[in-house]
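A structural walkthrough
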Amino acid sequence: MEANALCRISPLTFSSSVSASRPASLLHRRRPLTPLPKTPSAAAAIKSFPLTFSTLSSHPGRIFSFFPNPPPPAKPLSALKPLAASDSSSDEPPPPHPQGAKLVPLIISVAIGLLVRFAIPKPVDVSPQAWHLLAIFVSTIAGLVLSPLPVGAWAFLGLTTTIVTRTLPFSTAFCAFTNEVIWLIVISFFFARGFVKTGLGDRIATYFVKWLGKSTLGLSYGLTISEALIAPAMPSTTARAGGVFLPIINSLSLSAGSSPNDRSAKRLGSYLVQSQFQSAGNSSALFLTAAAQNLLCLKLAEELGVKIASPWVTWFKAASLPAVVALLVTPLVLYKIYPPETKDTPDAPAMATEKLRNMGPVTKNEWVMVATMLLAVSLWVFGERIGVSSVVAAMLGLSVLLLLGVLDWDDCLSEKSAWDTLAWFAVLVGMAGQLTNLGIVSWMSGSVAEGLKAMHLSWPAAFGLLQAAYFFVHYLFASQTGHVGALYSAFLAMNLASGVPGVLAALALAYNTNLFGALTHYSSGQAAVYYGAGYVDLPDIFKLGFIMALVNAAIWAVVGGFWWKILGLY
């Protein structure tokens, strides 16, 4: 489950932020940072934080400096905040962790559902059962936004309410827990863990630093391209950010004297973080298996009658041209409007070569990971022709990793995000499916379509208006998948009622689901990771998020619109 981080932290405490969006067990290997000043305050600070940045690394040994003689950081390590907030010699007990639901968000979330249930008149065309379920669903969505409890816990309360109130029978309420797409998402988390555990993702990214790292812009393109290449086999944007790319960016930045939470951040770190953050959405949009929410979108589309033949290939063909153009444009645009102070990094390739030499040859587990992902991707592309579904392909891949010891069952059990995702995704998908079956979605979409027709809008105009509304309403969400579960079906139904071709509407909404992940510091899991690193100020996150949203909209509308016409999507 993707989470948000709303406070700035030093690099030593960064992994605690990552653990909010990825389980700490994912970040299992340790490797120290470049040598720290031997001061009592630094040592005490390290002891007081058992999870250091180095837990994100995948290989033992030091993080290499990519610059020969980096300037010293503007602040001594011991001065960074909030390190001083804790001291190993202090006997003061930590503040108690708050228990139970947050009262104000709880009251608001429940009140919204009660308002729909009792205060708003039920439309004539809607059954009482459907209206009761809508009230519970709206209250559940409100809780996802306001967070009175963790997402999984709040979703479970919503599920329980549907059964206690006899709105849905037990078997119907739990029917989505056998959904193939949801289990494919769960297994994708295990694949992501394999990339981090073996260190394969770190090795791939370091190769691109070696090949393209002579300038800051080249570094950015190297990191961007490497993420696009590993994305289809590592379908967690949060794991890619926290487990692979941010450790490399942090090492590069510190070596250049660019420190987080300091004015020197703009030397290099701010630009690299923003470039990687803003490019990640297009990497996720390029492949069906590059993000968990992509699979969920197509499942919801299928429930509304929009079935996409050869989904992996169709998705990639439609996304290929606009996504590649956006990936090439994004680092350059940010280089112009948010330039780094350090333009050249001539020693980075040599130091990347040294790092690769010290990492040693590719290990057996890395080769197994490569072969397994090639097998899985091949079956995702060609499996339908031989009767192998996407989830069966993923199950075969996971079985290989377990049999050969790349992953063990404890790795799977400790992947809390996977099991949490299973719980709350299934609840949302189940409720959304029943709302469709009971006629709520068709009633809502018909009402909106009538309003659009009254405005005398053609289907292309309605398509653009609905896509923009779906995109910018994400300012109210802290999760891409939560947004999909809440609104994807409704917006797709509105598109269909307005005359938009089904496959075009389904794919465009799904692509937008990836692109709006860089709007704010809380809009996705990778947003929490990159903002929490401390290199980018909050006003810059919002400003650049909005600017790049407009840039992406222009690229996908113009280049995508031209390409989709050629492909026959409309």
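Residues numbered from 1 in each chain as written. Predicted model: local features only at pLDDT ≥ 70, side-chain atom pairs only at ≥ 80, totals over all residues. Heavy atoms only, no water.

**Comments concerning the overall build of the chain**
To be explicit about the condition: Secondary structure is summarised from DSSP: a helix means a run of H or I of at least four residues, a strand means a run of E of at least two, and numbering begins at the N terminus for each. We call two residues in contact whenever any of their non-hydrogen atoms come within 4.5 Å of each other.
Counting its secondary structure elements, the chain contains 24 helices and zero strands. For the chain, the proportion of contacts with a sequence separation of at least 24, taken over those separated by at least 6, is 81%.

**Quick word on helix 9 (residues 216–230)**
Note the following rule: Given the number of residues in a helix, its expected span is that number minus one, multiplied by 1.5 Å. Here's how the labels work: a residue is buried when its accessible area is under 20% of the maximum for its type, exposed when over 50%, partly exposed in between, all with a 1.4 Å probe on protein chains only.
Taking 1.5 Å as the rise per residue, helix 9 with 15 residues should run 21 Å; its terminal C-alpha atoms sit 22 Å apart, in good agreement. Counting buried positions over the 15 residues of helix 9 gives twelve, a clear majority of the element. Thr216, Gly218, Leu219, Ser220, Tyr221, Gly222, Leu223, Thr224, Ser226, Glu227, Ala228 and Ile230 are the residues of helix 9 that are buried.

**Here we look at a nonpolar patch on the surface**
To keep things clear, this is the line we draw: Distance thresholds for patches are 9 Å for like charges and 5 Å for nonpolar side chains (Val, Leu, Ile, Met, Phe, Trp, Tyr), applied to residues having over 30% relative accessible area and no salt bridge. Areas reported as accessible are Shrake-Rupley estimates using a 1.4 Å probe. Residue values count occlusion only from the protein chains shown. The term salt bridge refers to a side-chain nitrogen of Lys or Arg lying within 4 Å of a carboxyl oxygen of Asp or Glu.
Among the surface-exposed residues, Leu103, Val104, Ile107, Ile108, Ile112, Val145, Leu146 and Leu476 lie close enough to one another that they form a single nonpolar patch of about 680 Å² accessible area. Counting only elements with at least two residues in the nonpolar patch, the list comes to helix 3 (103–119) and helix 4 (128–146). Tallying contributions element by element places helix 3 first for the nonpolar patch, with five residues. On the secondary structure map, Ile112 appears in helix 3. Ile112 gets classed as partly exposed once you look at its relative accessible area, which sits at 31%.

**Focus on the side chain of Asn282**
In this structure, Asn282 sits in helix 11 (residues 269–286). Once you skip the residues sitting within four places of it in the chain, Asn282 turns out to touch Ala323, Ala326, Leu327, Thr330, Leu515, Asn552 and Trp556.

**Quick notes on the side chain of Gln293**
By secondary structure assignment, the location of Gln293 is in helix 12 (residues 292–303). Residues within four places of Gln293 in sequence aside, it is in contact with Gln480, Thr481, Val484, Thr513 and Asn514.

**Considering the environment of Gln99**
The topology assignment puts Gln99 in the loop between helix 2 (40–47) and helix 3. Separated by 50 residues in sequence, Gln99 and Leu149 have C-alpha atoms that sit 9.6 Å apart.

**A word on helix 22 (residues 502–515)**
With 14 residues, helix 22 should reach 20 Å at 1.5 Å per residue; the first-to-last C-alpha distance of 20 Å fits that figure. For helix 22, the buried fraction is high: twelve of the 14 residues fall into the buried class. Of all the residues in helix 22, the buried ones are Leu504, Ala505, Ala506, Leu507, Ala508, Leu509, Ala510, Tyr511, Asn512, Thr513, Asn514 and Leu515. The inward-facing, buried residues of helix 22 contact helix 11, helix 12, helix 13 (311–337), helix 20 (459–472), helix 21 (480–497) and helix 24 (538–567).

**What to know about the pattern of salt bridges**
Taken as a whole and assessed by the stated rule, the structure comprises nine salt bridges. Across the pair Lys543 and Asp540 runs a salt bridge, and its minimum N-O distance is 4.0 Å. Residue Lys543 and its partner Asp540 are both found in helix 24; the two are separated by three residues, about one turn of the helix.

**Some words on the confidence of the model for the chain**
In regions of low pLDDT, the predicted coordinates are not meant to be interpreted in detail. Note the cut-off: Confidence scores per residue from the predictor, reported as pLDDT, run from 0 to 100.
Mean pLDDT for the chain: 80, with 82% of residues reaching 70 or above. Here residues 1–90 is a poorly scored stretch, pLDDT under 50, and it has 215 contacts once near neighbours within four places are set aside; other chains count.

**Notes on unusual backbone geometry**
Located in the positive-phi region is Ser147, a residue other than glycine, with phi close to 55°. Its place among the elements puts Ser147 in the loop between helix 4 and helix 5 (151–164). Phi at Arg166 takes a positive value of approximately 60°, unusual for a residue other than glycine. The topology assignment puts Arg166 in the loop between helix 5 and helix 6 (170–173). Classification of Arg166 by relative accessible area gives exposed; the value is 76%.

**Things to note about the nonpolar core**
The nonpolar side chains of soluble globular proteins are, as a tendency, buried together. Here is the rule we go by: Side-chain atoms within 4.5 Å link the members of a nonpolar core, which is a set of buried Ala, Val, Leu, Ile, Met, Phe, Trp, Tyr and Cys residues.
Counting 153 residues, the largest nonpolar core has Trp380, Tyr488, Tyr511 and Trp556 as its most contacted members. A total of twelve residues in this core trace back to one element, the largest contributor, which is helix 7 (residues 180–198). Ignoring sequence-local partners within four residues, the contact set of Tyr488 consists of Cys297, Leu300, Ala301, Tyr470, His483, Ala506, Leu509 and Ala510.

**Remarks on the environment of Trp315**
In this fold, Trp315 is placed in helix 13. In this structure, Trp315 is in contact with Ala285, Leu286, Phe287, Leu288, Asn294, Leu298, Leu507, Ala510, Tyr511 and Asn514, ignoring residues within four places of it in sequence.

**As for the packing of aromatic side chains**
Keep this limit in mind: Working definition: rings of Phe, Tyr and Trp (its six-membered ring) pair if their centres are within 6.5 Å, and the pair is stacked with planes under 30 degrees apart, edge-to-face with planes over 60 apart, and tilted otherwise. For a ring to carry a charge above it, either NZ of a lysine or CZ of an arginine must fall within 6 Å of the ring centroid while also lying within 35 degrees of the normal to the ring plane.
Per the counting criterion, the structure on display carries 23 aromatic pairs. Where Phe170 meets Phe174, the ring centres are 4.4 Å apart and the plane angle is 25°; that geometry is what we call stacked. Taking the relative accessible area as the measure of exposure, Phe174 reaches 27% and is therefore partly exposed. Their ring planes at 45° and their centres at 5.9 Å tell us that Phe277 and Tyr530 sit as a pair that is tilted. Of this pair, Phe277 sits in helix 11 while Tyr530 sits in helix 23 (residues 525–532), and the two are 253 residues apart along the sequence. Taking the relative accessible area as the measure of exposure, Phe277 reaches 1% and is therefore buried. A relative accessible area of 2% means that Tyr530 is categorised as buried. Among the aromatic side chains, those forming a connected cluster through ring pairs are Tyr470, Phe471, Phe472, Tyr475, Phe491, Phe516 and Phe546. Across from the ring centre of Tyr335, 4.9 Å away, lies the NZ or CZ of Lys343, which sits over that ring.

**Concerning the packing of helix 12 against helix 22**
The relative placement of two packed helices is expressed as an angle between their axes plus a distance between the axes. Definition in use: Every axis corresponds to a line fitted to the C-alpha atoms, with the helix fit spanning only the stretch in contact, and the corresponding angles, defined between N-to-C directions, vary from 0 to 180 degrees. What sets the label is the angle itself: under 35 degrees gives roughly parallel, over 145 gives roughly antiparallel, 65 to 115 gives roughly perpendicular, and the rest give oblique. Definitions for this section: a left-handed crossing has its near helix turned counterclockwise from the far helix by less than a right angle. A right-handed crossing has that turn clockwise. Residue polarity is assigned by list, with Asp, Glu, Lys and Arg as charged and Ala, Val, Leu, Ile, Met, Phe, Trp, Tyr, Cys and Pro as nonpolar; anything else, Gly included, falls into the polar class.
Between helix 12 and helix 22, the shortest axis-to-axis distance is 10 Å and the interhelical angle comes to 155°. When the axes of helix 12 and helix 22 are compared, the pair comes out roughly antiparallel. Like other packed secondary-structure pairs, helix 12 and helix 22 cross with a definite hand, here right-handed. Contact residues: Gln293, Asn294, Cys297, Leu298 and Ala301 in helix 12; Ala506, Leu507, Ala510, Thr513 and Asn514 in helix 22. A per-class count over the contact of helix 12 with helix 22 returns six nonpolar, four polar and no charged.

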